[in-house]
Amino acid sequence: MGMGLLQVGIIVIIFLLLVKPMGIYLVKVFGNEESRLGKVFGPVERVIYRIMGVREQETMGWKKYAGAVLLVNFVMLILMYIVFRIQKYLPLNPDGLDNVPPGLAFNTAVSFITNTNWQAYSGENTLSYLSQMIAITFPMFTSAATGFAIAVAFIRGLIGRQDNLGNFYVDLTRTITRVLLPLSFVVAIVLVAQGVPQTLLGAVHATTLDGAGQTITRGLVASFESIKHLGTNGGGWFGTNAAHPFENPTPLSNVVHMVCMMLLPTALVYAFGLWVKDKRQGWALFTAMGLIFLVMLATVLYSEYRGVPAVQALGVQGNMEGKEVRLGASESALFTTVTTAATTGSVNNMHESLTPLGGFVPLAQMMLNNVFGGKGVGLLNGLLYLILSVFICGLMVGRTPEFLGKKIEGREVKLAAVAILIHPLIILAPTALALALPGSTASIANPGMHGLSEVLYAFASGAANNGSAFAGLGANTVFYNVAIGLVMLAGRYISIIMMLAIAGSLAVKRVVPVTSGTLRTNTPLFTGILIMIIVVIGALTFFPALVLGPIAEHMAAL
Amino acid sequence: MERKPTLNKELVNRAVIDAFKKLNPLVMMKNPVMFVVEIGTVITLILTLVPDLFGATDVGRGYNLAVFLILLFTVLFANFAEALAEGRGKAQADSMRKTKSDTMARVVQKDGSYKEVSSTQLRIGDVVRVEAGEVIPSDGEIIEGLASIDESAITGESAPVIKEAGGDFSSVTGGTRVASDFIVVKVTTDPGESFMDRMIALVEGAKRQKTPNEIALTTLLAVLTLIFLIVIVTMVPMAQYLGVKLEISTLIALLVCLIPTTIGGLLSAIGIAGMDRVTQYNVLAMSGRAVEAAGDIDTMILDKTGTITFGNRMASEFVPVSGVSGKEVTFASLQASVKDETPEGRSIVELAHRLGENWPEPAYEGAEVVEFTAETRMSGLNLADGTKIRKGAVDSIVHHVHSLGGKAPADLESITNTIAKAGGTPLAVAVNDRVYGVIYLKDTVKPGLKERFAELRAMGIKTVMCTGDNPLTAATIALEAGVDEFIAEAKPEDKIAAIKKEQQEGKLVAMTGDGTNDAPALAQADVGLAMNSGTMAAKEAANMIDLDSDPTKLLSVISIGKQLLITRGALTTFSISNDIAKYFAIIPAMFILAMPQLQGLNIMGLASPESAILSALIFNAIIIPLLIPIAMKGVKYRAVSADKLLLRNVLLYGIGGVVVPFLGIKLIDMLLHGLNLV
């Protein structure tokens with residue numbers, strides 16, 4: 001256990017060391033001033049703009065920006081759906097896979113355009129290489145870039161003087177050309193070096209020692225894996241995701257995956273501080289998220305090392321069910337925490353097999369949805385809670401609440417409240433519906449409290465655009481495909497529109513000067529309050545559901 | 001200033017009756033949180049009458065009845081809080097209506113004759129004559145005459161004030177009484193729009209509109225209510241899936257416990273009471289928005305004269321020039337002022353007497369009094385023997401002695417400068433062609449102001465003093481009073497410019513004023529406080545009127561504005577924090593029979609599921625009346641930095657809000673169980 005903790009500690013330190021340099025780089029990427037970056041990437045980008053017909057200097061108000069986001073995403077969604085539906089007739093299908101049925105195609109297209117990567121299918125025997133490349137790997141770039149662009153736009157609104165959130169097409173392009181592509185390239189090479197396959201050839205047929213025939217699927221896995229984690233996407237090339245030896249062959253590749261997941265979400269929080277010219281503000285938010293992360297991590301570690309009392313009585317220490325021996329308990333626990341904090345959703349162990357309390361952590365992190373969170377939107381969700389905290393605390397110091405000099409008034413509270421309301425609504429309502437209908441309860445592998453967790457987890461994963469599965473739930477039914485598909489759409493776009501609307505509304509506000517009567521939002525005190533509000537609001541909304549699922553199960557096992 | 005009694009029996013009785021009247025769903029609908037509670041109340045009432053309405057149930061009629069009664073009281077307590085807050089304003093409005101009886105007005109006809117009409121028939125432009133002892137029938141401007149007016153009907157102040165035609169003191173208010181003499185008044189408002197009418201509407205809160213922050217908070221509370229509604233509704237199928245049947249009345253109990261009823265029930269009471277506190281300070285705020293804006297003020301622009309200083313300059317010292325003794329200059333000053341009836345002149349005589357100088361009457365019998373004029377800028381006496389005694393502006397006196405062949409002493413200028421630098425006004429004294437010295441007139445800063453300005457600074461509010469004085473004098477007074485900035489030699493347009501400059505930096509500005517030329521600045525400021533003694537124009541431009549005409553009231557209004565927001569924030573925090581304990585009371589109670597392992601969540605060790613639910617519900621209800629005093633008086637506000645304020649309120653209402661219900665619910669549970677009620 002000591003070695004395990006040491007490993008976890010070292011990896012967390014690597015996370016921290018990368019925050020500052022990456023954050024500084026991000027600020028440069030989206031800055032307007034001419035830089036060396038512009039010289040390097042500018043020519044390529046200008047060609048792209050020329051082809052797309054983008055006027056680089058054009059600026060967008062929040063409505064136009066939101067409109068561009070929705071348009072681009074919608075067009076891609078339709079294209080992806082079509083590719084899945086006709087993949088049989090398209091090239092690069094060496095294993096001769098059939099077209100994807102409509103419900104699953106809808107679910108999968110939505111899943112990848114929303115950066116969720118919920119997979120109701122197993123990649124290796126459902127999707128052709130072409131589908132994997134242009135309808136899975138490609139949106140892994142664009143969905144991550146979309147989230148990133150929105151976060152950048154929101155920050156522009158926060159520090160802006162007019163309703164000018166930048167240019168979505170430029171932000172989208174720059175995220176891909178200057179951040180995601182170069183990083184993915186490097187990471188893919190590293191992964192190939194670790195033994196991850198990268199080939200257009202079809203499956204290998206082998207005969208095992210005892211004479212049985214075996215089909216070993218492979219494909220463009222390394223390029224897929226790199227963006228999967230850098231873009232906090234999470235969908236696996238193979239059904240078993242990062243537990244598969246081709247996706248995650250060595251402990252080192254495991255570390256690379258985790259570092260990739262945490263890199264951009266954490267750096268973005270720091271970049272936010274640089275952006276608003278208040279580093280302490282960035283660190284305050286970072287600390288709040290970081291402390292929640294550490295508590296969650298400690299809970300999984302404790303719980304998995306402790307194991308299940310009934311099994312313990314038989315002399316078995318810890319809980320290794322559903323975990324890869326080559327990765328071990330501590331690396332699995334860390335991966336679980338990281339993948340649900342950064343809302344990536346890839347798994348290197350089966351979350352259903354975690355102890356009840358260990359399984360509670362990924363659920364809780366997806367319910368909070370802002371412990372660093374997915375690319376861009378995690379920061380936005382954090383800022384959403386921050387605005388709520390500012391509102392309540394601002395009242396308590398006797399002034400109209402203000403954040404970074406902008407007054408938080410009725411309109412902002414209304415928009416933020418809708419964004420906060422939508423999350424529990426799209427988790428609890430479909431969970432309740434699924435548990436009430438006989439058809440959908442039939443998909444549950446382990447009825448009872450654990451089954452409740454399975455369903456709750458599926459919708460929490462969809463709503464948080466996480467995509468990890470608790471497993472145990474046969475989710476490839478029309479009901480779950482459509483329901484989770486709709487939940488993913490609502491979870492992604494409603495809050496995005498609300499946040500852009502808030503940005504537009506804040507952008508045109510006069511900046512109130514800071515006095516000693518102003519609530520300071522970058523102090524340890526405020527950070528503490530922020531944590532309290534995140535935890536309390538989250539706990540208050542999901543407490544009954546969690547009690548009936550993992551908490552009851554945990555207490556029953558005691 | 002007169003503070004009205006806080007509570008009396010009559011007010012409470014009236015509020016109790018109003019609490020029931022407010023049960024009307026159309027009224028309740030305006031408050032989404034409490035409306036949900038009312039719907040829950042109705043459902044539990046039905047379940048008390050027909051327990052099996054929604055299918056077979058295990059709970060008895062008695063349990064449903066208990067839930068119903070507690071919910072009913074929850075609603076009534078909230079209504080009572082609101083009614084109580086409204087009560088004082090209503091009572092005050094009633095008494096004002098009585099004074100505003102239907103008076104007869106004597107309209108001056110074109111031919112100069114009079115015609116008696118009812119005051120309700122007066123229109124703008126009518127001219128009326130009001131004699132001593134009569135009530136002024138409508139708001140207007142005096143166009144002829146001078147009278148002392150008893151304004152106690154509005155201000156509560158019994159000492160009459162002098163009003164006269166022309167100038168800044170010509171406006172009169174309908175409903176006030178002419179105490180002596182007569183005036184001719186030109187009516188400036190139509191019936192129903194007079195100051196008195198507006199004032200009645202304001203104190204009654206008839207047209208009370210929700211303030212921006214109140215709207216924002218109401219939205220948040222409504223959304224929280226909606227979230228908890230989702231939580232409760234979705235819980236039913238989840239529980240059913242696990243084979244647990246939940247009782248409707250228990251679900252309603254949990255819902256009511258979770259939604260923010262504490263702040264929801266007290267929110268409007270807090271707003272009304274806040275406005276009422278402003279009224280108790282004898283300040284009339286035209287809207288709640290103005291009071292709230294006062295809490296946000298960054299900069300205060302204050303007139304020096306009358307606000308920071310008393311305004312009447314008093315003699316404080318007689319400074320001789322070289323070659324003249326102190327006694328001589330004192331005597332000369334006394335001589336120059338014996339016939340000067342201005343406050344300044346009287347203060348000179350008084351000071352000279354105190355210094356032991358006397359000049360008996362016969363000595364200046366037959367002397368010619370030289371009055372002060374704007375051209376000569378000096379006054380004094382020409383004695384029968386030809387001696388010319390003068391006092392006045394230093395350059396005028398110098399000019400005067402030059403014309404008589406004398407010349408100014410060498411040290412006159414340095415003495416003058418010293419006095420001006422110290423913030424005083426120098427007056428030179430001369431007897432014939434010889435300057436004796438300088439009278440040091442001092443404008444005194446009101447006591448206690450320096451401390452209040454320091455408080456404002458701690459609150460983050462900048463004070464700017466506006467004065468017509470020269471920069472030197474202004475600087476000294478500014479230092480003495482402790483203001484942050486000053487504008488010297490200020491003209492009325494300078495005030496507007498100063499306000500606009502601050503506003504451009506994003507600051508909210510407050511100012512006080514009384515003159516007609518203050519009106520544009522009062523309108524420009526975010527909070528403009530007009531003096532009741534001022535002109536109608538100023539009063540109309542401002543969004544607050546101080547009936548006592550005390551400009552320092554602005555400080556109190558700012559505190560009230562802040563207190564209003566803090567009270568809302570604190571009770572919201574308290575309300576949400578309470579939910580943690582309520583969950584730990586009700587959730588195990590709901591499931592413990594089906595899932596005995598959840599006993600571990602019953603951390604309060606409550607006796608039985610029924611008593612746990614009822615205890616949480618009772619706590620939820622009685623916390624409302626217990627917090628009424630805080631809602632009415634406001635959370636204690638101290639002028640400290642925002643960080644300290646936040647820490648204090650978070651500890652008190654946040655952490656306190658978590659801990660108190662654990663204790664309260666346990667206590668109620670012990671009582672219920674001890675008395676064998678469940």
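Right above here is the structure, for reference.
Read on for an overview of the structure. (Residues numbered from 1 in each chain as written. Chains lettered and ligands numbered in written order. Predicted model: local features only at pLDDT ≥ 70, side-chain atom pairs only at ≥ 80, totals over all residues. Heavy atoms only, no water.)

The next thing to look at is the nonpolar core. The biggest cluster of nonpolar side chains holds 322 residues, and the ones touching the most others in it are Phe293 of chain A together with Met300, Met544 and Phe591 of chain B. The leading source of residues in this core is helix H20 (residues 553-591) of chain B, at 21 residues. Phenylalanine 591 of chain B has contacts with Leu548 of chain A together with Met235, Ala239, Val244, Leu246 and Leu598 of chain B, leaving out every residue within four places of it along the chain. Ranked by size, the runner-up nonpolar core spans 39 residues in total, among them Val329, Val349, Val438 and Leu441 of chain B. (Core = buried A, V, L, I, M, F, W, Y, C linked by side-chain atoms within 4.5 Å. Buried < 20%, exposed > 50% of the residue type's maximum accessible area, 1.4 Å probe, protein only. Helix = DSSP H or I, 4+ residues; strand = E, 2+ residues; numbered from the N terminus. Contact = heavy atoms within 4.5 Å.)

Now for helix H7 (residues 212-241) of chain B. Residues and elements named next belong to chain B. Helix length check: H7 (30 residues) gives 44 Å between terminal C-alpha atoms against 44 Å at 1.5 Å per residue, within 8%. Taken as a whole, H7 carries its principal kink of about 25° at methionine 235; the proline proline 237 stands between one and four residues after it. For H7, the tally of buried residues reaches 22 of 30 residues, placing the bulk of the element in the interior. The positive-phi residue at the C-terminal boundary of H7 is glycine 243, with phi of around 80°. (Expected span 1.5 Å × (residues − 1). Bend = angle between axes of the 7 residues up to and from the residue.)

Moving on to the interface of chain A and chain B. Taken together, the contact between chain A and chain B spans 61 residues of the former and 58 residues of the latter. Carbon and sulfur atoms supply 76% of the area that chain A and chain B bury against each other, a total of about 5100 Å² over both sides. Its largest share of buried area at the contact with chain B, chain A owes to Met396, Leu540 and Leu548 of chain A, together 14% of the area lost on that side. Remark: the boundary between chain A and chain B carries 2 salt bridges. Taken together, chain A and chain B are joined by 12 residue pairs in polar contact (both at pLDDT 80 or more). (Buried area = accessible area lost by both parts, 1.4 Å probe. Salt bridge = Lys/Arg side-chain N within 4 Å of Asp/Glu carboxyl O. Polar contact = N/O pair within 3.5 Å; in protein donor to acceptor, adjacent residues only side chain to side chain.)

This part takes up the packing of aromatic side chains. Here the distance between the centres and the angle between the planes together describe a pair of aromatic rings. One pass over the full model with this rule turns up 20 aromatic pairs over all chains. On the basis of an interplanar angle of 55° and a centroid distance of 5.4 Å, the ring pair of phenylalanine 543 of chain A and phenylalanine 584 of chain B is categorised as tilted. Of this pair, phenylalanine 543 of chain A sits in helix H18 (residues 524-557) while phenylalanine 584 of chain B sits in helix H20, on two different chains. Considered together, phenylalanine 543 of chain A and phenylalanine 584 of chain B belong to a single accessibility category, that of buried residues. Within the aromatic cluster, the residues linked to one another by ring pairs are Tyr270, Trp283, Phe286, Phe293 and Phe372 of chain A. (Phe/Tyr/Trp six-rings, centres within 6.5 Å; stacked < 30°, edge-to-face > 60°.)

This brings us to the pattern of salt bridges. All names here are of chain A. Under the definition given, this model contains 40 salt bridges over all chains. The salt bridge involving aspartate 171 is made with arginine 156; its shortest N-O contact spans 2.9 Å. Taken as a pair, aspartate 171 in helix H6 (residues 168-193) and arginine 156 in helix H5 (residues 129-159) lie far apart in primary sequence, 15 residues in all. Assigned by exposure class, aspartate 171 and arginine 156 land together as buried.

This part takes up the sheet that holds strand E13 (residues 378-382) of chain B. One key point about sheets: their strands pair by backbone hydrogen bonds, in either a parallel or an antiparallel sense. Residues and elements named next belong to chain B. The strand order across the open sheet formed by 6 strands is E11-E16-E15-E14-E13-E12, and the pairing between neighbours is antiparallel. Unpaired on one side and paired on the other, strand E11 (314-320) and strand E12 (368-370) mark the two borders of the sheet. Across the sheet, the mean angle from the axis of one strand to that of its neighbour is 20°, orientation sign disregarded. Strands E11, strand E14 (388-393), strand E15 (425-431) and strand E16 (434-442) of the sheet are contacted by helix H12 (residues 343-354), whose axis makes an angle of about 60° with E11. Contacting E13, E14, E15 and E16, helix H13 (residues 394-403) crosses the sheet at an angle of about 145° to E14. (Pairing = 2+ DSSP bridges. Axes fitted to C-alpha atoms, helices over the stretch in contact; angles between N-to-C directions.)

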